[in-house]
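A closer look at the structure
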Amino acid sequence: MDNVRYSRILLKLSGEALAGEQKFGIEPEAIGQFAKEIAEVAATGLQVALVIGGGNIFRGMAASAKGMERAQADYMGMLATVMNALAVQDALEKNGCSTRVMTAFSMAEVAEPYIRRRAIRHLEKGRVVICAAGTGNPYFTTDSAAALRALELKCDAIFKATKVDGVYDKDPAKFPDAVRYETVTYLETLEKRLGVMDSTAISMARDNNLPIIVFNLYKEGNIRKAANGETIGTTVQGGN
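In this text the structure is predicted, and so the values were computed from the model without any measurement.

We now examine the environment of Gly 134. Following the sequence through the fold, Gly 134 ends up in the loop between β5 (128–132) and α5 (142–152). What Gly 134 contacts, discounting residues up to four positions off in sequence, is Thr 81, Ala 104, Ala 145 and Arg 149.

Attention now moves to the nonpolar core. Within the largest apolar cluster, 41 residues are counted, with the highest numbers of intra-cluster contacts made by Leu 11, Val 48, Leu 50, Leu 92, Ile 130, Phe 159 and Phe 215. For this core, the secondary-structure elements that each account for two or more residues are β1 (8–13), α1 (28–43), β2 (47–52), α3 (70–94), β5, β6 (157–162), β10 (212–216) and α8 (222–227). Filtering out sequence-adjacent residues up to four positions away, Phe 159 remains in contact with Tyr 6, Ile 9, Leu 10, Leu 11, Lys 12, Ile 213, Phe 215, Ile 223, Ala 226 and Ala 227. Core analysis: the next-biggest nonpolar cluster, separate from the first, contains 31 residues, Ala 150, Leu 153, Leu 210 and Ile 212 among them.

Our focus in this paragraph is the UniProt feature "binding site: UMP" (unreviewed entry) in the protein. Per the UniProt entry, the sites bearing "binding site: UMP" (unreviewed entry) are Gly 54, Asp 74, Thr 135, Gly 136, Asn 137, Pro 138, Tyr 139, Phe 140, Thr 141 and Thr 142 in this numbering. Lining the largest pocket, from the residues just named, are Gly 54, Asp 74, Thr 135, Gly 136, Asn 137, Phe 140, Thr 141 and Thr 142. With respect to the helices, strands and loops of the structure, Thr 135 is situated in the loop between β5 and α5. With residues near it in sequence (within four places) discarded, Thr 135 still touches Ala 104, Phe 140, Ser 144, Ala 145, Leu 148 and Arg 149. Relative to the helices and strands, Asn 137 resides in the loop between β5 and α5. Residue Asn 137 is classed as partly exposed on the basis of its relative accessible area, which comes to 39%.

The rules behind these values
Residues numbered from 1 in each chain as written. Predicted model: local features only at pLDDT ≥ 70, side-chain atom pairs only at ≥ 80, totals over all residues. Heavy atoms only, no water. Helix = DSSP H or I, 4+ residues; strand = E, 2+ residues; numbered from the N terminus. Contact = heavy atoms within 4.5 Å. Core = buried A, V, L, I, M, F, W, Y, C linked by side-chain atoms within 4.5 Å. Buried < 20%, exposed > 50% of the residue type's maximum accessible area, 1.4 Å probe, protein only. UniProt positions renumbered as here; feature names shortened; annotations may be inferred. 1 Å grid on protein atoms, 1.4 Å probe; cavity = no way out; pocket = protein on both sides within 12 Å on 5 of 7 lines; lining within 4 Å.

What follows is the structure in structure tokens.
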């Protein structure tokens, strides 16, 4: 990685990525695989912030659909993201990476409160900043939190690491003839409901011309390739 294209990025990981093949909970081996790659990228001087979902432990919207009060369910989901953040912190530090977990609401015994200027200072010192507990507010997803933190921290791009290798015109798991986009505009993403991130996150990125690079997390080397500016997956940008 001699020619890193970006100086600071936000990597959005789903909670499911931490579960590995077991589909639920936290699988240390699965975390270790991508933690090693993140640590290698951070060691090049690229500043990395992370936002992690909590769907491997608890989904607020799913619980709300079954009768739980929505705000209560969302707060429980935020707590799930903190558990995931601590697991990823442990894996990164085992790979020699200096980290800080920062939460959107106070949990002083396990993490720092999220303060934008402090987070930027950690990034400037070469620490990976793991932003947990979403935005700290119910009714907002971790996708929205990722867009918000990326803008606050002046990141060059959002890296959305998923189970598929980009954005398709329809679900590739259901339709063998699904076509992958190499690039797609924010407006197309919203109008066609392509499911890259939620509409709030896409709108925030669109309003601020923040590119979103969507790629397969499970293909070894993809985080390095994306950080190096190589064309992988799908880039969402332009078309305002």
